[in-house]
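Residue-level structural notes
Each chain is listed here by its residues.
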Amino acid sequence: SIFPQLNVRFPISETFDVYGGLTGGRQFNSISAMTRENPWISQNQPLVNTSNKLEVYGGINGKVGDRISTNLGFSASGVDNMAFYVNGLSDSSRFDILYDNTSVF
């Protein structure tokens, strides 16, 4: 797979600038990472890598005074094989992993 990587930044004053970009990538899911996130996962769960097909982001950031900085931004992306935890069918005290394609805003 090929994922884009484009970042732009334009100053609009000495203290503020606007930014935006396109990106994507793959998250490699492992048992150790999943159990750090949720230690009650059932055994023998399938592992599927998560793909962030395309993320569009942008915003404005800057400084207000000497000690205060600000950032206002947005992001929208399409994700394949995002992991969700659902109650286990055979043992309700454990969780199964369910993968789904979704959009994130």
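**Things to note about the overall build of the protein chain**
A count of helical and extended segments in the protein chain gives one helix and five strands. Considering only C-alpha atoms, the protein chain reaches an extent of 60 × 35 × 20 Å along its principal axes. Going through the 105 residues of the protein chain one by one, you find that 27% of them count as buried. In the protein chain, of all internal contacts separated by at least 6 residues, the share reaching a separation of at least 24 is 52%. Working note: accessible area of the protein chain is about 7,600 Å², and carbon and sulfur atoms make up 55% of it.

**Brief notes about the pattern of salt bridges**
Enumeration over the complete set of coordinates arrives at two salt bridges. The residue Arg9 makes a salt bridge to Asp17 at a minimum N-O spacing of 3.3 Å. Overall, Asp17 belongs to the buried group, its relative accessible area being 16%. We note a salt bridge from Asp80 to Lys53, for which the minimum N-O separation is 3.6 Å. A residue pair is termed long-range when its members are at least 10 positions apart, and Asp80 in strand S4 (residues 68–87) and Lys53 in strand S3 (residues 50–64) qualify at 27 residues. Note on Asp80: relative accessible area 21%, which makes it partly exposed. Under the relative-accessibility criterion, Lys53 is labelled partly exposed at 44%.

**Some points on the sheet that holds strand S1 (residues 5–11)**
A sheet is described by the order of its strands in space; here five strands give the open sequence S1-S2-S3-S4-S5, paired in antiparallel fashion. Across the chains shown, the open sheet's two edge strands, defined by having one partner strand only, are S1 and strand S5 (95–104). On average, each strand axis in the sheet is tilted by 25° relative to the strand beside it, whichever way the strands run. Sheet topology note: the strand S2 (residues 16–27)/S3 ladder contains eleven bridges and is antiparallel. Residue pairing across strands places Gln27 opposite Thr50, the latter belonging to S3.

**Description of the packing of aromatic side chains**
On inspection of all chains with the given rule, the structure shows one aromatic pair. With 6.5 Å between their ring centres and 40° between their planes, Tyr19 and Tyr57 make a pair best called tilted. Here Tyr19 is found in strand S2, whereas its partner Tyr57 is found in strand S3, with 38 residues between them in sequence. With respect to class, Tyr19 is no different from Tyr57; both count as buried.

Cut-off values and rules
Residues numbered from 1 in each chain as written. Predicted model: local features only at pLDDT ≥ 70, side-chain atom pairs only at ≥ 80, totals over all residues. Heavy atoms only, no water. Helix = DSSP H or I, 4+ residues; strand = E, 2+ residues; numbered from the N terminus. Buried < 20%, exposed > 50% of the residue type's maximum accessible area, 1.4 Å probe, protein only. Contact = heavy atoms within 4.5 Å. Areas by Shrake-Rupley, 256 points an atom, 1.4 Å probe, with all protein chains shown as cover. Salt bridge = Lys/Arg side-chain N within 4 Å of Asp/Glu carboxyl O. Pairing = 2+ DSSP bridges. Axes fitted to C-alpha atoms, helices over the stretch in contact; angles between N-to-C directions. Phe/Tyr/Trp six-rings, centres within 6.5 Å; stacked < 30°, edge-to-face > 60°.

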